[in-house]
Each structure stands twice: as structure tokens, then as C-alpha cells.
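A structural walkthrough
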Amino acid sequence: MPTKKKEDIAIDKDTLKKEIVRQLNVTLGTSEKKASRQAWWKATCAAVNEQIFSLLTKTQQSHYKNDTRAVHYLSAEFLMGRLTVNNLVNLHLYDVCESAVKELKKELGLDFELSDLCEEEPDMALGNGGLGRLAACFIDSLATMNLPAVGYGIHYEHGLFRQEIHDGRQIERPDSWREYGNPWEICRPESVQEIQLGGFVETVFEENGYMKKVWRPNQVIKGVPWDIPVVGYNGSTVNILRLWESRASEFFDWDVFNAGGYVDSQTEKAQAETISKVLYPNDSTEAGKILRLVQQYFFSACSLKDIIRRYKRAHGNDFSKFAEKIAVQLNDTHPTIAIPELMRIFVDEERIDWEKAWDICYKVFSYTNHTLLPEALEKWPVYLFERVLPRHLEIIYEINRRFLEDVVDAKWPGNDWIKSRLSIIEEGEVRKVRMANLCVIGSHKVNGVAEIHSKLVKEDLFPEFSQIWPDKFCNVTNGVTPRRWLLASNRELAKLYTETVGDTWPVNLDKLREATKLADDPDFQKKFMKIKRNNKVKLAEVIRKETGIEVSPDAIFDVQVKRLHEYKRQQLNLLYILALYRRVLQDPDYKMNDHVFIFGSKAAPAYTMAKNIIYAINKVGDRINNDPRIKGKIKVVFMPNYRVSLAEKIIPAADISQQISTAGYEASGTSNMKLSMNGAITLGTLDGANIEIAEEAGKDNNVIFGLTVDEVKALKAKGYNPWDYYYGNEELKAVLDWLDSDYFTPGRPGELSCIKNSLLGGGDTYLALADFAAYSEAHRKVDEMYSNKKKWAHAAIVNSTTMGKFNSDRSIQDYVDQIWKLDTCVVK
Ligand code: 26W
């Protein structure tokens, strides 16, 4: 795909300058003299929006005219981050805009550049972590590849909490990303939808003797759509991300109001608006909260109504082409309720026979699994379902009855054990609906997110399902968009690549392999490492500003950025830091490169152990950073409030990418791809996509350690005893015992003991102690490698230039080929 040349750019610098000032005056209602930076930022966005809206209209017309098949990506989370830089870059307007702002600065005596304006934008943090950011990368790729697609999600008023660190502890503060307005979203009152909740189901006999089920809900909720334009790179397709905001329906308000219940009507209004108020901050444990189920139904039902409305505009009430035109991807089980909802619409409202309806339904849906953790697999108590979605529960029972009788009993006659395993309903004291089983039964394709994960989904999570439908299961390895994660966030390296291999690499990342040949070229190495150092200087400044800690850009920048979870093993990283610190204390001449350990991580507010690990990192850090005896050889930095915009500053500056999950637990990981793409060496286990990254970049250019998936299974089967490792390793024992003292929490001994206790008394579920020795040895190799500047530069360049596979465009192409069967629609 060719990149747009200057002459194609739809707006030139002078016009843009005028347009920004005009927007400042007419849209923001302020003057050049009085305007705040925020106003200037918004005016700049508004000026660019004119371009975007015209492309959006063209895209929509072209999709409608061609009656294209489209994919609808249903996700409870879209972690978009900031949009300004990305939109400018994708439209090839960044440089033009940068010089426009520079000239305005000079002419009007302003005190900022474009990059300062972009810092005004709050992150759109409508997601927890990997799954939400993946959705954001995917919609960028879909637009870039000219594929007809709509993202559907929830317009949370409050995204993921803002993290503050007080005396080393995480404090959660509300995030209010749109408090002062968001220039990128457009409200679409003309596309409001209404959905129903609660009540009961009535059986009605019609005149012709047919029986029908009628749902009599007791609540109606309005879904107001907000559209965020998704600008493809090269700027020809602009798709939309449609996010639903909940409001009270006027209809119901009015009823109560007329009955003299003004106050009650306000309560009802508040209740309705609660639905889209806040994102649940859990990324692995399902709390089973009724509001979350309502959120899931709310956005799934609004989205389906929207899809059907659009389908009917082209095809009327003839649903025979529905599965041909519509693909719906379920991003994990969160939108699973869309399956029974579509059946309800077909059977109850459109009066289609069950068999016919089911035949359309399962062809429409496909499901991506993102986790094997048992506690993350969603199960909803039947009694909750009964209260909120009584008709859906009946439909689920019917789907289940037919599946167990027609499919399971045919394959394993009379085998009640298998039936109970495969049933959508889990029996027990509290009966539960297993959303993953419903997903597998109601979808035509099920995919995992990395080779190893997909294999485990098939063999360990759904072995019987995969015997029934072997072709249903497939793999699509995750990817990340190189537009955001390299072109926009590491502009100097991007420039070097463009000079070296031409300007098509942002859409064809494999092109960078031409630069792999230069991995040993002294001149190229020098340029590459200079850029890395510049990025480290910039990050050191951010670290100083945010934490007050001084770090040297000549030290190794060793990064572990991801949600905090015991399976991701930030505690293993901490144990090694303690060991290293102890070595230096015992031997002031201990040979090592200066080493900065950088963490960025939020813990789920109710996950106590995760919060304790954050506390321990901060307390150990305080002690080490302020210990003159070690002469600054080790620094430990915990960056507060890790989020997309901070990731964009940390990742380009990383030397080491820590990907140290217990093998078999990290489905894929995506920070591993971003870090490698930016020239970090992976220090990791053979888990998730690490395996494929090491395959692409070569094992010699990364440092792989630790138990494999099979070894983890074998050790657990044999009976794992963490005490063996404690008594078997003097250094490990010493650092664990250190945690019991008050060395890191003066006057308060035992504050960090919980970490030792969970690793020993608690059984060390994630085998941190079993991997410690191998991890420590891996660190030694990293340090040795870093001492050899040429070898290090070689490895960094090879990593960065061989990540073509992890372009999210490749992931999307895999979805298109294996699952969605979509055609591109180039917008003229
Ligand atoms: C509370 C319910 C719940 C359960 C799971 C909420 C959110 C989840 C997500 C599935 C957690 C998640 O983000 N998983 C990550 O998905 C990434 C994208 O595929 C993978 O790269 C990560 O390995 C996986 O942990």
C-alpha cells in the first residue's frame, strides 16, 4: 500500500492555521489572546475533524451502496488512549499540523508546540488491559485495511480508575475522561435504541392455536449512541466505534411522573444511568455483580438492534441473507448474551422457526477466548438471570436441551458425566449459566490468541467440544498496530526506518526485515542506539517529574508493564531485585551494569495480594534508591497510573521487556510485541506469544528461561513443594526471610511478610520459587549481553525489525480468512 504523498494531503498548512483559529473563535468561543492550551487543543481537533467527517460520510455511503458484508466487533472494553496524534498520523497531517502550530506560536507569541497540545488530551481508558487494547488495535487495522467494520461497546462515564500512590500504596480515584468534553465523539440521537429488562414471561395462545411466549418487562432503558471515528492509515476508510450510553426511557419516566412521583421518577432515572456509569476494574476475577450482567445485556442488545435496523434498511424483513451480510465477533464471553438475544428477536419478534433461526444465529457469531484462568470464566447465577432476563433464560434452556439431546447424546449415548460437563447450566447449590459453553455452542468459530493458548483452549479447556466440532477451533495470534506503537510513539526510530526501507512499513511491517541485514552495520547500530538513548533521556525526565527518582540513561532500562497479577509474577521480579541488592551490599565491587527496574501496573481494587505486591515494590524501591552504599547501581521505579499514554513513553525507552508469567497462564500478551518492536530484548518464559516472538527474532536475541507448559503441568501433578526451593537455595531463603524484617518498612516489621507467606504457606500457585534460579541465571546472561555493546545493538535491531508477524493487520487478515470471510471496500 503506497503512502500518501504531500500533494494528496487535503489541507495545507496555511488553511489549517486559519481553520484552527476559526474553530477557536466560533466553536470554542474564545480569542487567541485568552485561549487556554486546552482550548487550542480542542480547536486543533475540530479543524482536523472536518477532514475526518467528510471521509466518514464517504465510507458509510460506499458501504451502503455496495451492500458489503461487515464485521461487528462486540467488546465491553475499548482501551483507545489518546486519539489526536494517532488521527493526525493516520491522515498524514502530523507534520503539517506541527508546522502550523509552530507558526501560530511565533506569530501570536504562544508558549507551546503541537506535542504540548496533545498532552492536554485525557486518555480514553475504557478498558482494563490487554483485551481492551487489543480491541483498539483491531479497529485501527480494520479501517486501515479498508474492511467494513463497526466496533460496539459501552460509553462508560468513568473509565478505569486513576491510580495514585500514597506511602507506597495504591489509591483509586475516579477517572473522568470527558469531564470537559471530548472533541472526537459525536452523539447520534437519531439512532437511539430502547431495550427491556426484568418482568416475567407470559404464555399466550393465539387465535390459530399456536402458543407464543411474550416477555412482559418492567423496565425500559434508552441506549444513546456516541460515535468515535476510526481513521485508517492513509485516510480513506473511516469506520466507527459506537459506544452506548444508558438513559432512562421517557416513556417510563412519564408514567411515574404522572402518578405524582417526581422524586421516584428521578430515582428511576438515576438507576438507568448507572448502567453505563463505570467500568468494572477487574481483569481476571468475575464478581458476579448484577449490574455487570445488565451492562453486558445493555450494550449487546443495543448493538444487535442497531445491526438489524441497518440490515432491514437494505433487505426488509427477509432474513435469509442475514448470515451472509453480518458477522459478529464476541470479544471474550462478555457479550455472550447477544446469542440468546438474537434468537429471541428471530423467534419471538420476527416469528422465524427455531431451527431456521438457529441456523442463521450460529453462523453469525464467533468467539475469542482470552484467558484460561478458571476464576475469570464467567458464570452467572440462574437466579440473577431469572430476575433480569427471564425470557433469555428460557431460550438458554432450550438451546441447552437441544444441544444435550441432539448432539451430546448422539455422540456419547447415556453418558451423564459428559453431559454435566458440557451443559450450559452448572448444577450445584447455586445453579449457574456457563457463558463460555454458551459461546462455544452458539458460535461457528472459537479462537485463542496465540499458538500455545489456542492449543490449550482445545485440549485442556474444551476437550469434549473439540471432539464434537474439531473444525470449530482455531488460532489467531494477537498483534498490535505499528501506527500507534512505532510510527506515532517512536518518531525518531520511525524516521530511521523510513529512510532505510522506504515508507510502506507502517502497513507492511515485514518490510523492516530489509533493515535486519543492517543489524551488524556499525553506522546503523550507532544511529539505532542513539535513538534508544534519546528515548531513555526523555523517559528519565518523565520519571524524575512523576516520582522524583533520578535515573541514568546509561543504565539498563528493564521494564515490566502490565496489570498486576500473581500469574504475571511481578513478585518474581521483586525477589530478583532483592537478591541483586543483597549481592551488592555483600560485595561493593559486584560486577554489574547499572540497572533501573521500571514497573507500571494497576491492581484490581479488591485484589489484596496484588496491592500488597505494589506496596512491597515501592517499599523495597524506597530503601534501595536511597541507599548510598550501592552508589546508584540499582534503581527501582514504580510509575503511578500506568495507562496507554504512559506506555507510549516507556516502551520506546526500554532495553529489557520482562514477560515472566508462569508458562500456560498468559494467553498471549501484547506488551511483549510492543516492546520488542521498539528494540527491547525479551527476558521471558515460554508462554503465550513469547514463544512466537522468540521464533521470529531468534532465540539468541532474547533470553528465555524457566519451566515450560509441560514441565509446569508435570511439577504440579507430582506435587509441588515450594519449601524445597526455599531450603535448597541460600540466596532465595535469605531474600524471603528479609521480607519478615523491618528493613524495608522501618519500625513496622512483618508488613511485607504476606508475600513470603503466599509463596511458602500459600503453596506458591504460580511457581515463582521453582523458576527463581533459572530467572536469576537469565538475568546474568542479560547483563553479560548488555556489556557487549555490539551484540546488544544487534539483538535490539533484530528484535525490532522482525516483528512483522505481530502487526495487528496480520491478525485481522487471519480473522478475515479463517472466520469472517470479508471483502475489502475501497472508499474512493
Ligand atoms: C472480570 C471478568 C474478566 C475476565 C477476563 C474481565 C476481563 C478479562 C480479560 C479476558 C482479561 C484480559 O485482558 N486478558 C488478556 O487478553 C489479552 C488479549 O488477548 C492477552 O494478550 C492477555 O494474555 C490476556 O491476559
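Summary of the structure given here. (Residues numbered from 1 in each chain as written. Predicted model: local features only at pLDDT ≥ 70, side-chain atom pairs only at ≥ 80, totals over all residues. Heavy atoms only, no water.)

Moving on, we get to the pattern of salt bridges. Applying the stated rule across the entire model yields 73 salt bridges. Taken together, the shared-partner salt bridges connect Arg188, Asp227, Arg242, Asp306, Arg309 and Arg310 into one network. (Salt bridge = Lys/Arg side-chain N within 4 Å of Asp/Glu carboxyl O.)

One non-glycine residue, His92, lies in the positive phi region at around 60°. Position of His92 among the secondary structure elements: in the loop between helix H3 (84–90) and helix H4 (94–108). A positive phi angle is found at Leu767, which is not glycine, with a value near 55°. In this structure Leu767 comes out as buried when scored by relative accessible area, which is 0%. (Helix = DSSP H or I, 4+ residues; strand = E, 2+ residues; numbered from the N terminus. Buried < 20%, exposed > 50% of the residue type's maximum accessible area, 1.4 Å probe, protein only.)

For helix H1 (residues 13–26), spanning 14 residues, the distance from its first C-alpha to its last is 20 Å, which sits close to the expected 20 Å at 1.5 Å a residue. Residues of H1 that are buried: Leu16, Lys17, Glu19, Ile20, Val21, Gln23 and Leu24. Where H1 is buried, its residues touch helix H2 (37–66) and H4. Where H1 begins, the side chain of Asp12 points an oxygen toward the backbone nitrogen of Asp14, at a separation of 3.0 Å. (Expected span 1.5 Å × (residues − 1). Contact = heavy atoms within 4.5 Å. Polar contact = N/O pair within 3.5 Å; in protein donor to acceptor, adjacent residues only side chain to side chain.)

One way to put it is that helix H23 (residues 570–586) packs onto helix H24 (residues 608–625) with a least axis distance of 10 Å and a crossing angle of 20°. With respect to H24, the element H23 is oriented roughly parallel. Note that H23 runs across H24; the crossing there is left-handed. For the pair formed by H23 and H24, the contact residues are Gln570, Gln571, Leu574, Ile577, Leu578 and Tyr581 on the first element and Ile613, Ala616, Ile617, Val620, Arg623 and Ile624 on the second. Across the contact of H23 with H24, the residue classes tally to 9 nonpolar, 2 polar and 1 charged. (Axes fitted to C-alpha atoms, helices over the stretch in contact; angles between N-to-C directions. Parallel < 35°, antiparallel > 145°, perpendicular 65-115°, else oblique. Left-handed = near helix turned anticlockwise from the far one by under 90°. Nonpolar A, V, L, I, M, F, W, Y, C, P; charged D, E, K, R; others polar.)

Our next topic: the sheet that holds strand E16 (residues 425–426). Taken in spatial order, the 3 strands of this open sheet run E15-E17-E16, and their pairing is antiparallel. Where the open sheet ends on each side, the last strands, each with one partner, are strand E15 (379–381) and E16. Running over the sheet, helix H16 (residues 435–442) touches E15 and strand E17 (432–434) and is turned about 40° from E17. (Pairing = 2+ DSSP bridges.)

With that settled, the discussion passes to the sheet that holds strand E23 (residues 656–659). Here 6 strands make up an open sheet; going across it, the order is E22-E21-E20-E23-E24-E25 and the pairing parallel. If you trace the sheet from one side to the other, it starts and ends with strand E22 (634–639) and strand E25 (703–704), each paired once. When E23 meets strand E24 (residues 681–684), the two strands line up parallel, connected through 4 bridges. When the bridges of E24 are listed, Ser657 appears paired with Thr682. Helix H22 (residues 522–547) rests against strand E20 (556–561), strand E21 (595–600) and E22 of the sheet, and its axis sits at about 70° to E22.

Surveying the vicinity of the ligand reveals 21 residues, the closest of which are Leu131, His370, Asn478, Glu666 and Gly669. Backbone polar atom of Ala667 to an oxygen atom of the ligand: 3.3 Å apart, as the coordinates give it. A total of 570 Å² of accessible area belongs to the ligand in isolation, and the protein chains cover 95% of it. Here the element with the most residues in the shell around the ligand is helix H6 (residues 130–144); it accounts for 3 residues. In the shell around the ligand, the residues fall into 6 nonpolar, 10 polar and 5 charged. (Near = heavy atom within 4 Å. Areas by Shrake-Rupley, 256 points an atom, 1.4 Å probe, with all protein chains shown as cover.)

Note on placement: Arg563 falls in the loop between E20 and H23. In this structure, Arg563 is in contact with Asn128, Leu160, Pro281, Asp283, Lys568, Gln570, Ser601, Lys602, Ala603 and Ala604, ignoring residues within four places of it in sequence.

The next thing to look at is the environment of Ser676. When you line up the elements, Ser676 lands in helix H26 (residues 671–677). Of the residues examined, Ser676 reaches a relative accessible area of 0% and is grouped as buried. Measuring from C-alpha to C-alpha, the distance between Ser676 and Ala654 comes to 9.0 Å, with 22 residues separating the pair along the chain. When sequence neighbours within four positions are dropped, the list of residues in contact with Ser676 reads Ile693, Asn799, Ser800 and Met803.

Turning our attention to the packing of aromatic side chains. For the coordinates displayed, the defined rule picks out 32 aromatic pairs. Taking 5.5 Å as the distance between ring centres and 15° as the angle between the ring planes, the aromatic pair formed by Tyr581 and Trp738 counts as stacked. Taken together, the residues span a long stretch of sequence, with Tyr581 in helix H23 and Trp738 in helix H30 (residues 730–738) at a distance of 157 residues. Here Tyr581 matches Trp738 in class, with each residue buried. With a centroid separation of 5.1 Å and an interplanar angle of 85°, the aromatic rings of Tyr665 and Tyr766 are classed as edge-to-face. In this pair, Tyr665 sits in the loop between E23 and H26 while Tyr766 sits in the loop between helix H31 (753–759) and helix H32 (768–787), placing the two residues 101 residues apart along the sequence. The partly exposed category is assigned to Tyr665, whose relative accessible area is 22%. Taking the relative accessible area as the measure of exposure, Tyr766 reaches 10% and is therefore buried. Looking at Lys411, its charged tip hangs above the ring of Trp412, at a distance of 5.6 Å from the centre. (Phe/Tyr/Trp six-rings, centres within 6.5 Å; stacked < 30°, edge-to-face > 60°. Lys NZ or Arg CZ within 6 Å of the ring centre and 35° of its normal.)

This paragraph deals with the nonpolar core. Ranked by internal contacts, the top residues of the largest apolar core, which has 276 residues, are Trp40, Phe322, Phe385, Ile634 and Trp820. Ranked by residue count, the leading element in this core is helix H9 (residues 290–315), at 11 residues. Those residues in contact with Trp40, other than ones at most four positions away along the chain, are Ile20, Val21, Leu24, Glu32, Ala35, Leu104, Leu108, Leu110, Phe112 and Leu117. (Core = buried A, V, L, I, M, F, W, Y, C linked by side-chain atoms within 4.5 Å.)

The terminal C-alpha atoms of H23, which comprises 17 residues, lie 25 Å apart, in line with the 24 Å expected from a rise of 1.5 Å per residue. Of all 17 residues making up H23, 15 are buried, and the element is well covered by its neighbours.

This part takes up the side chain of Asn90. Looking at the secondary structure, you find Asn90 in helix H3. In this structure the side chain of Asn90 is engaged in a polar contact, spanning 3.1 Å, whose partner is the side chain of Asp140. Those residues within four positions of Asn90 in sequence are excluded, and the remaining contacts are Asp140, Val231, Gly232, Tyr233, Asn234, Gly235 and Arg483.

Moving on, we get to the pairing of E21. Within a regular strand, side chains alternate between the sheet's two faces. The buried fraction of E21 amounts to 6 of the 6 residues, a majority that puts the element mostly inside the structure. Of the two faces of E21, both are covered, the one formed by His595, Phe597 and Phe599 as well as the one formed by Val596, Ile598 and Gly600. For E20 and E21, the ladder comprises 6 bridges, and the chain directions are parallel. When the sheet's bridge partners are listed, Ile556 is paired in E21 with His595.

Turning to the packing of H23 against H32, a few remarks are in order. Where H23 meets H32, the axes come as close as 10 Å, and the angle between the chain directions of the two elements is 55°. The angle between H23 and H32 places the two elements in the oblique class. H32 is crossed by H23, and the crossing has right-handed handedness. For the pair H23 and H32, the contacting residues are Leu572, Asn573, Leu575, Tyr576, Ala579 and Arg583 in the first and Ala768, Leu769, Asp771, Phe772, Tyr775, Ser776 and His779 in the second. A breakdown of the residues in the contact of H23 with H32 according to their chemical character gives 8 nonpolar, 3 polar and 2 charged.

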